[in-house]
Amino acid sequence: MATELTWFGHGSWAIQTGDSNVLLDPYLDDNPAASCKAADLEADYILVSHGHFDHVADVAPIANRTGAMVVAMVEVAQWFADQHQVAHTTGINLGGTLALPFGKVKMTLAQHSSQMPDGSYGGPAAGFILDLPEGKIYFACDTALFLDMQLIGAEGIDLAVLPIGDHFTMGPADSVKAVKLIEPRRVAPMHYNTWPPIEQDVEAWAAQVEAETSAEPVVVEPGGKIRL
Ligand SMILES: [Zn+2]
């Protein structure tokens, strides 16, 4: 089966690949931009980039209902096991790669903070590279622009998923600079239009990507799908 991504709004994604349902940062029930509710989703694996509420809010309910494995920074994975009795967790750390049945998951640097909703230490924030049979996806997750994105790009990225919202992450101008560092084949925006502080003109961003980079911008509405 081909790999298909679904954007649920904000930083929340589903990646259906092979026989696996993979979720990234599910934040649905309290997310004003979400296209569905947590109870609607199935999952085998849940990737978590950092501890902020708008990335972890629905992780435990989905994991505890479906039995999904939570893959996250060691401190974040331990927090789900200790505080929410999530049965299956795997903690990894920056630079580490985990081989899973659907492909490899590498945890990358992100320039952002990370604290759990109860104030617990969440370790550093992270992004992910998914190495799948159909290609490589880089989820930058919440981050500022950083020059080491060149190293991530050197891995050969088919689809980069970048925040463009500004305020809490890099904004549209820096995300275009990120595209120039990563040089992905295609690029999709996320982490915008959830709340007023991160409202952005996504069509203007896409036009700038087309004008200034070799990447193809792929813009979908919440609920929209991208085939890898
Ligand atoms: Zn955050």
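Predicted model only: the values in this text are computed from it and were never measured.

Visitor: Mind showing me how you'd approach the coordination of the zinc ion here?
Guide: Octahedral metals with six donors have ideal donor angles of 90 or 180 degrees. Tetrahedral metals with four donors have an ideal donor angle of 109.5 degrees. On the protein side, the zinc ion has H50 (NE2), H52 (ND1), H112 (NE2) and D142 (OD) as donor atoms, found 2.2 to 2.5 Å from it. Here the zinc ion binds 4 donor atoms, and the angle range of 88 to 177 degrees at the metal identifies the geometry as irregular. Along the chain, the residues donating to the zinc ion are arranged with the sequence spacing H-x1-H-x59-H-x29-D. There is no split in this pair, since H50 and H52 are both buried.

Visitor: Please explain the pattern of salt bridges as it appears in this structure.
Guide: A full pass over the atoms with the stated rule returns 5 salt bridges. Where K106 meets E155, a salt bridge forms, and the shortest distance between an N and an O atom there is 2.7 Å. Linking K106 in strand β8 (residues 103–109) with E155 in the loop between α4 (149–153) and β11 (159–163), this pair joins segments that are 49 residues apart in sequence. We classify K106 as partly exposed; its relative accessible area is 25%. Here E155 falls in the partly exposed class, since its relative accessible area comes to 31%.

Visitor: Hey, could you run me through the environment of A110 in this one?
Guide: One can find A110 in the loop between β8 and β9 (126–132). When its relative accessible area of 6% is taken as the criterion, A110 is described as buried. Each C-alpha atom, one on A110 and one on D201, is 24 Å from the other, the two residues being 91 residues apart in sequence.

Visitor: I'm lost on the sheet that holds strand β1 (residues 4–7) in this one. Help?
Guide: Within a sheet, neighbouring strands are paired by backbone hydrogen bonds and run either parallel or antiparallel to one another. The 7 strands are arranged β6-β5-β4-β3-β2-β1-β14 in an open sheet whose pairing can be described as mixed. Both edges of this open sheet fall to β6 (89–92) and β14 (225–227), since each of them pairs with a single strand only. Across the sheet, the mean angle from the axis of one strand to that of its neighbour is 20 degrees, orientation sign disregarded. Pairing geometry for β1 and strand β2 (residues 13–17), over 4 bridges, is antiparallel. Looking at β2, one finds that T6 is bridged to A14. Contacts from helix α2 (residues 59–66) reach β3 (20–24), β4 (45–48) and β5 (69–73), with the element oriented near 160 degrees to β4. On top of the sheet, helix α3 (residues 74–84) reaches β4, β5 and β6; it is set at about 140 degrees to β5, its chief contact.

Visitor: Even after reading the chapter, I still don't get the nonpolar core, so can you show me in this structure?
Guide: Within soluble globular proteins, side chains that are nonpolar generally end up buried alongside one another. Grouped together as the largest cluster of nonpolar side chains are 78 residues, with contacts concentrated most on W13, I46, F80, Y138, F139 and L162. Among all residues touching F80, those that are not within four sequence positions of it are V48, V56, V59, A60, V70, Q85, V86 and T89.

Visitor: Sorry if this is basic, but what is going on with the sheet that holds β8 here?
Guide: Ordered in space as β7-β8-β9-β10-β11-β12-β13, the 7 strands form an open sheet in which the pairing is mixed. On the outer flanks of this sheet lie β7 (97–100) and β13 (216–217), each paired with one strand and no other. Across 5 bridges, β9 lies against strand β10 (residues 135–139) in antiparallel orientation. Bridged to D131 within β10 is K136. Packing against the sheet, helix α5 (residues 172–182) makes contact with β10, β11 and β12 (186–190), and its axis sits at approximately 155 degrees to β11.

Calculation criteria
Residues numbered from 1 in each chain as written. Predicted model: local features only at pLDDT ≥ 70, side-chain atom pairs only at ≥ 80, totals over all residues. Heavy atoms only, no water. Donors = N, O, S within 2.8 Å, 3.2 Å for Na, K, Ca; no water. Tetrahedral: all angles 85-135°; square planar, octahedral: opposite > 155°, others 65-115°. Buried < 20%, exposed > 50% of the residue type's maximum accessible area, 1.4 Å probe, protein only. Salt bridge = Lys/Arg side-chain N within 4 Å of Asp/Glu carboxyl O. Helix = DSSP H or I, 4+ residues; strand = E, 2+ residues; numbered from the N terminus. Pairing = 2+ DSSP bridges. Axes fitted to C-alpha atoms, helices over the stretch in contact; angles between N-to-C directions. Contact = heavy atoms within 4.5 Å. Core = buried A, V, L, I, M, F, W, Y, C linked by side-chain atoms within 4.5 Å.

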